[in-house]
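Understanding the architecture of this molecule
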Amino acid sequence: MAKNILIAFDESENSKRAVDFVGANFSSDSSVTLFHVLLDTESICSMQGPELVPYFKSQQTAFCSLEDKKKEVVVKAMGNAKDTLVQCGFDPQRVTTKSVNRNKGIARDILAEIKSGNYELVVMGKKGLSGIKDFIMGSIPQKVVQNASGVSVLLVE
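Describing the overall build of the protein chain
- A tally of regular secondary structure across the protein chain gives six helices and five strands.
- The order of helices and strands in the protein chain, counted from the N terminus, is β-α-β-α-α-β-α-β-α-α-β.
- Burial status across the protein chain gives 36% buried among its 157 residues.
- Approximately 9,300 Å² of the protein chain is accessible, and the part contributed by carbon and sulfur atoms is 53%.

Structural notes on the pairing of strand E4 (residues 121-125)
- Judged by how many residues are buried, E4 sits mostly within the fold: five of five residues are covered.
- Burial along E4 is two-sided: the residues Leu121, Val123 and Gly125 and Val122 and Met124 are all buried.
- As defined by bridge partners, strand E1 (residues 4-8) adjoins E4 across three bridges and the pair is classed as parallel. Bridging from a neighbouring strand, leucine 6 pairs with valine 122 of E4.
- In the sheet, E4 pairs with strand E5 (residues 152-156) via five bridges, with the strands oriented parallel.

Quick notes on the confidence of the model for the protein chain
- Averaged over every residue, the pLDDT of the protein chain is 84; the share at 70 or more is 77%.
- Highest mean pLDDT in the protein chain belongs to E1 (96); lowest belongs to helix H5 (residues 131-137) (48).
- Below pLDDT 50 for its whole length, residues 128-133 participates in seven contacts with residues either more than four positions away or in separate chains.

With respect to the sheet that holds E5
- Taken together, five strands build an open sheet; the order of strands is E3-E2-E1-E4-E5 and the sheet is parallel. Looking at strand neighbours, the two that pair on one side only are strand E3 (95-101) and E5, the edges of this open sheet. When the angles between neighbouring strand axes are averaged without regard to direction, this sheet yields 25°.
- Here five bridges tie E1 to strand E2 (residues 31-38), and the two strands are oriented parallel to one another. Counterpart to asparagine 4 in the pairing with E2 is serine 31.
- The strands touched by helix H4 (residues 106-116) within the sheet are E1, E2, E3 and E4, with E2 carrying the most contacts at an inclination of about 150°.

Description of the pattern of salt bridges
- Enumeration over the complete set of coordinates arrives at four salt bridges.
- Lysine 16 is paired through a salt bridge with glutamate 13; the nearest N and O atoms lie 3.4 Å apart. A residue pair is termed a helical-turn pair when its members lie 3 or 4 positions apart in one helix, as lysine 16 and glutamate 13 do in helix H1 (residues 13-25) at three residues.
- A relative accessible area of 36% places lysine 16 in the partly exposed class.

Points about the side chain of histidine 36
- With respect to the helices and strands, histidine 36 occurs in strand E2.
- Here the side chain of histidine 36 touches phenylalanine 9 through a polar contact of 2.7 Å, landing on its backbone oxygen.
- Here histidine 36 is in contact with Phe9, Asp10, Glu11, Val74, Met78, Lys98, Ser99 and Val100, once residues within four sequence places are set aside.

Some words on helix H6 (residues 140-147)
- Looking only at H6, the buried set comprises Ile140, Pro141 and Val144. Viewed along the axis of H6, the buried residues span an arc of 100°, placing them on a single side of the element.
- Those residues of H6 that are buried are in contact with H4, E4 and E5.
- Between a side-chain oxygen at the N-terminus of H6 and the backbone nitrogen of glutamine 142 the separation is 3.1 Å; the capping residue is serine 139.

About the criteria used
- Residues numbered from 1 in each chain as written.
- Predicted model: local features only at pLDDT ≥ 70, side-chain atom pairs only at ≥ 80, totals over all residues.
- Heavy atoms only, no water.
- Helix = DSSP H or I, 4+ residues; strand = E, 2+ residues; numbered from the N terminus.
- Buried < 20%, exposed > 50% of the residue type's maximum accessible area, 1.4 Å probe, protein only.
- Areas by Shrake-Rupley, 256 points an atom, 1.4 Å probe, with all protein chains shown as cover.
- Pairing = 2+ DSSP bridges.
- pLDDT = per-residue confidence, 0-100.
- Contact = heavy atoms within 4.5 Å.
- Axes fitted to C-alpha atoms, helices over the stretch in contact; angles between N-to-C directions.
- Salt bridge = Lys/Arg side-chain N within 4 Å of Asp/Glu carboxyl O.
- Polar contact = N/O pair within 3.5 Å; in protein donor to acceptor, adjacent residues only side chain to side chain.
- Arc of directions from axis to C-beta.

This is how it looks when you write it as structure tokens:
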């Protein structure tokens, strides 16, 4: 049984099902990391200069407010996911949350976390992006499954 589990997490129902699956099917003495990749919007929100399009400048505050709200939603969802695991018997000290700013792309950032950690299992929701985008670019779970090495990947329906 896996002792160190990474759950690739966003606020989607698919991620919540992955958390529920781990809570119901894995030993509560396992360590679990809830991992989320944030969009890096700080650079956009801090942009200033005369070369910016006036429309962008007029909408910049609204955009950044929405992004701040999105981060709040993710933090709350991760807290709820941690609570779910604790209610399933997991030790709160062994359930951690980790968010990183998007660096190379969501799938590649998840793969980088896998390499840097000592994970035995990665759990994620099966569905990723929209249908057309999945077909053209491939889904995040598909990219993780194809490129993860030295770790098992479990996709939850």
